[in-house]
Every structure is written in C-alpha cells, then in structure tokens.
Amino acid sequence: HLGIEANNITNSVDLSTTHNRIRLSEVLGDAEIRNQHGEVRAIGMLAGVRVSNRHGRTEVKSSGDNVTVDAEHGSVKIEMDNPDFESVDVETSYSRIEVLLPSSSSPAIRMETTHGRAESDFESNNTASRRVVLKNKHGDIRIKRRDSSD
C-alpha cells in the first residue's frame, strides 16, 4: 500500500485508486481524484479540483477557482488561497467539514447538516457570485476566516 504521489505536474491529472493514499502537490491543470479506503491530500493546487473519497480523510489546499468534494466516512478540510474563488462544494456524511477562506472573501454561504452543528466566521453575502455550499449528514460544519499571514 504505497499509494500515489505526484509533484509539480504541468498538465491536468485524473487519478483513481482503492486502499491507498493519494498525495498531489503543485498541479497546474485540473485534478480529478477518486479514492476508496485511503487518504487524499492535494496541496498547492492551481486549477479546479474534484475529489470523490470514501472511508478516508480528504485535504485540499487550492489557489484555483473551484473545489468539489463528495466524501463519506472521512473528514474534509478545504483551504482556499484565492479570495476570488468561484465555488467550494462539499457533500459528506459521518465526518466533519472544515473550510478555511481568506479574510477578504465575501461568498454566498449555504450550510446544511443533520445531527451536527454549522458555524461560520463569515456572514453570507447572498448577492456574491462566489459561493460555498456545504452539506453534511451526521457531522459538523465549520467555516473559518484565515488571516493573510497563514
């Protein structure tokens, strides 16, 4: 179970595995990642990211415009570096969601959870084109303000 590790990729990436970990960093193109029973860690992403993960932790740090995560039974942490991102969409169950956004962000926010709490450091700007949509069953949702020095 060595997993997949890729760094400094100048093209788009499409990866799929089971019972392994996936670690990506510094990908210039879009990333499509599918995993079951393993961790997904995508750091320094510079374009769109789409992750489907079952039974494993998911972590994405992106300077791109869009992050979409569909997960079950594993925590999800998203950190956006681009204050002008277009969208962050996460749907999960039996875990927690944590999203860190630049302090200058002012997105429209929609959080839905059953059997959990939803908290945000941001007020929803319902007229904004940027959007954050987070859905969780049996887990908490937390949106945090990230200082520019982080």
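Note that the structure is predicted; figures quoted are calculated from it, not measured.

Caption draft 1: Structural detail: the sheet that holds strand E2 (residues 13–18). If you trace the seven strands from one edge of the open sheet to the other, you get E2-E4-E6-E8-E10-E14-E12, paired in parallel fashion. The sheet is open, and its two edges are formed by E2 and strand E12 (108–114), each paired on a single side. Adjacent strand axes in the sheet meet at a mean angle of 0 degrees, parallel and antiparallel pairs treated alike. Sheet topology note: the strand E6 (residues 49–54)/strand E8 (residues 66–72) ladder contains six bridges and is parallel. Directly across from Arg50, in E8, lies its bridge partner Thr68.

Caption draft 2: Just the pattern of salt bridges, in detail. Evaluated as defined, the whole model comprises 18 salt bridges. For Arg57, the salt bridge identified is with Glu59, shortest N-O distance 2.9 Å. Put simply, Arg130 and Asp84 hold a salt bridge, and the shortest N to O gap is 3.9 Å. Remark: Asp84 occurs in the loop between strand E9 (76–80) and strand E10 (87–93) and Arg130 occurs in the loop between strand E13 (118–120) and strand E14 (131–137); sequence separation between them is 46 residues. Judged by its relative accessible area of 52%, Asp84 is exposed.

Caption draft 3: A look at the sheet that holds strand E15 (residues 141–146). The sheet built from eight strands is open, its strands ordered E1-E3-E5-E7-E9-E11-E15-E13 with parallel pairing. Both outer strands of the open sheet, strand E1 (4–9) and E13, are each paired with one neighbouring strand and no more. Pairwise comparison of adjacent strand axes, ignoring direction, gives a mean angle of 5 degrees for this sheet. With four bridges joining them, strand E3 (residues 22–27) and strand E5 (residues 40–45) adopt parallel strand pairing. Considered in E5, the bridge of Ile22 is made with Val40.

What counts and how
- Residues numbered from 1 in each chain as written.
- Predicted model: local features only at pLDDT ≥ 70, side-chain atom pairs only at ≥ 80, totals over all residues.
- Heavy atoms only, no water.
- Pairing = 2+ DSSP bridges.
- Helix = DSSP H or I, 4+ residues; strand = E, 2+ residues; numbered from the N terminus.
- Axes fitted to C-alpha atoms, helices over the stretch in contact; angles between N-to-C directions.
- Salt bridge = Lys/Arg side-chain N within 4 Å of Asp/Glu carboxyl O.
- Buried < 20%, exposed > 50% of the residue type's maximum accessible area, 1.4 Å probe, protein only.

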